[in-house]
Amino acid sequence: MDVASIASAYQGLKVAKDLLGAVFDAKVDAEAKPKVLEAMQKLGDAQDALFALREELFSLQEANNTLRQEVADSKFWQNKADQYELTKTAGEAVVYKFKGQPEHFACPSCFNTKAIHILQTNRTLSGKYRCTGCESEFPVEPQKKADPIRVDRGGTWP
Ligand SMILES: [Zn+2]
């Protein structure tokens, strides 16, 4: 049963009730009056029940729409998430690695909140990469040794 059929059933009951009301107001013998009144009362109860049913149907449809949207969102995320796998990098960071190209890593903290943020290198000797979403840093590459020539140069010029 949908909203339209509930509405038409409600309308049908209203018409029947009005007809009975007209019968009641016309010349009806005393014996018939209580029966007409009882019938009108029952029609009124049926109207109330239909009204409540319509309200319930509305809220169920709303809940259904919300759930459909959630399922769609969930599938969308799952498709994205399936393109990554958890991995341990050369620098021993545990992050998500993209299975395709170009090769990149995604922040595991943001991943858990259903957001993909690609880690960007800090371009430092530490080998750390930074998440542009939560600003966390991860040792994606192993720590590099400083170039001894530059360090030994000190303040003197050749
Ligand atoms: Zn992050």
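Note that the coordinates shown come from a computational prediction; the quantities given were computed from them, not determined experimentally. (Residues numbered from 1 in each chain as written. Predicted model: local features only at pLDDT ≥ 70, side-chain atom pairs only at ≥ 80, totals over all residues. Heavy atoms only, no water.)

A. The nonpolar core, seen in detail. With ten residues, the main nonpolar core is built from Ala 93, Val 95, Phe 105, Cys 107, Cys 110, Leu 119, Tyr 129, Cys 131, Phe 138 and Val 140. When residues no more than four places from it in sequence are discounted, the contact partners of Leu 119 are Val 95, Phe 105, Ala 106, Cys 107, Tyr 129, Arg 130, Cys 131, Phe 138 and Val 140. Membership of the second largest hydrophobic core comes to seven residues, among which are Ala 81, Tyr 84, Tyr 96 and Phe 111. (Core = buried A, V, L, I, M, F, W, Y, C linked by side-chain atoms within 4.5 Å. Buried < 20%, exposed > 50% of the residue type's maximum accessible area, 1.4 Å probe, protein only. Contact = heavy atoms within 4.5 Å.)

B. Structural view of the domain arrangement of the protein chain. According to the domain assignment, the protein chain contains domain 1 (3–80) and domain 2 (84–138). Computed over C-alpha atoms, the centres of domain 1 and domain 2 are 57 Å apart. (Domains from an automatic or database assignment.)

C. Structural view of the pattern of salt bridges. In this structure the tally under the stated criterion is four salt bridges. For Lys 14, the salt bridge identified is with Asp 18, shortest N-O distance 3.5 Å. Taken together, the residues Lys 14 and Asp 18, both in helix 1 (residues 3–25) and four residues apart, mark about one turn of the helix. Among the residues examined, Asp 18 registers a relative accessible area of 48% and is labelled partly exposed. With its nearest N and O atoms 3.1 Å apart, the salt bridge here joins Glu 38 to Lys 42. Remark: Lys 42 and Glu 38 occur in helix 2 (residues 32–81); sequence separation between them is four residues, near one turn of the helix. (Salt bridge = Lys/Arg side-chain N within 4 Å of Asp/Glu carboxyl O. Helix = DSSP H or I, 4+ residues; strand = E, 2+ residues; numbered from the N terminus.)

D. Inspection of the packing of aromatic side chains at higher detail. All told, the structure shown has five aromatic pairs when counted by the stated rule. Relative to Phe 51, the ring of Tyr 10 has its centre 6.3 Å away and its plane inclined at 45 degrees; by these criteria the two rings are tilted. Residue Tyr 10 is found in helix 1, and its partner Phe 51 is found in helix 2; the two are separated by 41 residues along the sequence. With a relative accessible area of 29%, Tyr 10 lands in the partly exposed category. By relative accessible area, Phe 51 is classed as partly exposed at 38%. When the centroid spacing of 3.7 Å and the interplanar angle of 15 degrees are considered together, the rings of Tyr 96 and Phe 111 count as stacked. (Phe/Tyr/Trp six-rings, centres within 6.5 Å; stacked < 30°, edge-to-face > 60°.)

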